[in-house]
Amino acid sequence: MSWEIVSTDDIEACRALRVDVFINEQGIAPEDEWDDLDDQATHFLAQVNGQNVGTARVLYSGETGKIGRICVLKDQRGTGLGAAIVSTCIAHLKDQPGVTRAMLGAQEYVIGFYEKLGFSVCGPIYDDAGIPHRDMELSL
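All chains use their own residue numbering, which begins from 1 and follows the written sequence. Totals for whole chains, interfaces and linings use all residues, but because this is a predicted model, local features are given only for residues with pLDDT of at least 70 and pairs of side-chain atoms are given and counted only at 80 or more. Note: side-chain values were computed over all heavy atoms of the structure, leaving out hydrogens and water.

Q: An account of the environment of Ala83 is requested, with residue identities and associated values reported.
A: The helix count covers DSSP runs of H or I at least four residues long, the strand count covers runs of E at least two residues long, and both are numbered beginning at the N terminus. Here Ala83 lies in helix α3 (residues 81-94). Residue classification places Ala83 among the partly exposed residues on the basis of a relative accessible area of 22%. Residues Ala83 and Ile11, 72 residues apart in the sequence, show an inter-C-alpha distance of 21 Å. Ala83 has contacts with Phe113 and Leu117, leaving out every residue within four places of it along the chain. To sort residues, take the accessible area from a 1.4 Å probe on protein chains only and compare it with the maximum for the residue type: under 20% means buried, over 50% means exposed, and anything in between is partly exposed. Contacts: residue pairs with any heavy atoms within 4.5 Å of one another.

Q: I'd like a description of the layout of surface pockets, backed by residues and values.
A: Here a cavity means grid points, on a 1 Å grid over the protein atoms only, where a 1.4 Å probe fits yet cannot get out; a pocket means an open set of points with protein on both sides within 12 Å along at least five of seven lines; lining residues are those with an atom within 4 Å of a point. Grid points are joined across faces, edges and corners, and a volume is the space filled by probe spheres set on the points. The volume enclosed by the largest pocket comes to roughly 800 Å³. Taken together, 37 residues form the lining of the largest pocket, with Phe22, Arg69, Ile70, Gln107 and Tyr114 sitting closest to its centre. For the lining of the largest pocket, the leading source of residues is strand β4 (residues 64-72), giving seven residues. Looking at the lining of the largest pocket residue by residue, the classes come out as 19 nonpolar, ten polar and eight charged. Gly is put with the polar residues, along with every residue not named as nonpolar or charged; the nonpolar set is Ala, Val, Leu, Ile, Met, Phe, Trp, Tyr, Cys and Pro, and the charged set is Asp, Glu, Lys and Arg.

Q: Help me get a handle on helix α1 (residues 11-25), residues and values and all.
A: Expected helix span is given by 1.5 Å per residue-to-residue step, counting one fewer step than there are residues. Taking 1.5 Å per residue as the helical rise, α1 with its 15 residues ought to reach 21 Å, and the 20 Å between its terminal C-alpha atoms agrees with that figure. Across the chain, bend at a residue is computed as the angle between axes fitted to the seven residues ending at that point and the seven starting from it. Its maximal kink placed at Val19, α1 deviates by approximately 35°. Buried residues of α1: Ala13, Cys14, Leu17, Arg18, Val21, Phe22 and Ile23, and no others. Against the buried residues of α1 lie β1 (4-8), α2 (30-33), β2 (42-48), β3 (51-61), β4 and β5 (101-107). One or two positions beyond α1, positive phi appears at Gly27, with a value near 75°.

Q: Lay out the pattern of salt bridges in plain terms, naming residues and giving numbers.
A: Any Lys or Arg side-chain nitrogen found within 4 Å of a carboxyl oxygen on Asp or Glu counts as a salt bridge. In total, this model carries nine salt bridges according to the counting rule given. Residues Asp38 and Arg18 are paired through a salt bridge, measuring 2.9 Å at the closest nitrogen-oxygen approach. One end of the pair, Asp38, is in the loop between α2 and β2; the other, Arg18, is in helix α1, and 20 residues separate them in sequence. Comparing Asp38 with Arg18 shows no difference in burial state: the two are buried. Salt bridges linked by common partners bring Arg15, Arg18, Glu33, Asp35, Asp38, Arg57 and Arg69 together as one network.

Q: Describe the environment of Leu37, listing the residues and the values that go with them.
A: Examined against the element boundaries, Leu37 turns out to sit in the loop between α2 and β2. Relative accessible area serves as the criterion here: at 27%, Leu37 is assigned to the partly exposed category. C-alpha separation for the pair Leu37 and Val58, spaced 21 residues apart in sequence, amounts to 9.8 Å.

Q: I'd love a proper account of the nonpolar core, names of residues and values included.
A: With 36 residues, the main nonpolar core has Ile67, Leu104, Tyr114 and Phe119 as its most contacted residues. Put simply, the parts of the chain that give this core at least two residues each are α1, β2, β3, β4, α3, β5, α4 (111-116) and β8 (131-139). At seven residues, α3 tops the list of elements feeding residues into this core. Once residues lying within four places of it in the same chain are set aside, the contact partners of Ile67 are Arg57, Val58, Val86, Cys89, Ile90, Leu93, Ala102, Met103, Leu104 and Phe119. Residues belong to a common nonpolar core when they are buried Ala, Val, Leu, Ile, Met, Phe, Trp, Tyr or Cys residues joined through side-chain atoms within 4.5 Å.

Q: So what about the packing of aromatic side chains? Which residues, and what values?
A: The geometry of an aromatic ring pair is captured by the separation of the ring centres together with the interplanar angle, meaning the angle of the planes. Any two rings among Phe, Tyr and Trp, with Trp reduced to its six-membered ring, count as a pair given centres within 6.5 Å; such a pair is stacked if its planes are under 30 degrees apart, edge-to-face if over 60, and tilted if neither. The final tally for this structure, using the stated rule, is two aromatic pairs. Each ring, one from Phe113 and one from Tyr114, has its centre 4.9 Å from the other, and the planes form 75°; the classification is edge-to-face. Phe113 gets classed as partly exposed once you look at its relative accessible area, which sits at 33%. A relative accessible area of 8% means that Tyr114 is categorised as buried. Judged by centre distance (6.2 Å) and plane angle (80°), the ring pair of Tyr114 and Phe119 falls under edge-to-face. The same class applies to Tyr114 as to Phe119, namely buried.

Pasting the structure below:
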């Protein structure tokens, strides 16, 4: 399968994917999904044949880049696209001066996915929007 993953200013396209995956599919309340950080983030959009199929955003805090809001439409899961999106975010962070660590908050059931990409658990289980999560990190 061939996809394209690019940084984008089309936040609305990214938000539409997040509605599909997080709000409609996972049942996360809109007030838990939306925050005031989208305008500060670098957004990535994945497309297959011109269709938007996945997204993630990256935020910056000192030496740490936080990858978040990673989602892939259901019919694209298992294709390697999620790993490609995360790898694109990691490559982007490696190009940022002074950024030495990537962090993310992983839903507990996908910790193994992120471990395969080099991340390690670095915190206790916590609740985020009713879903168990753990923080994970990767040295860049």
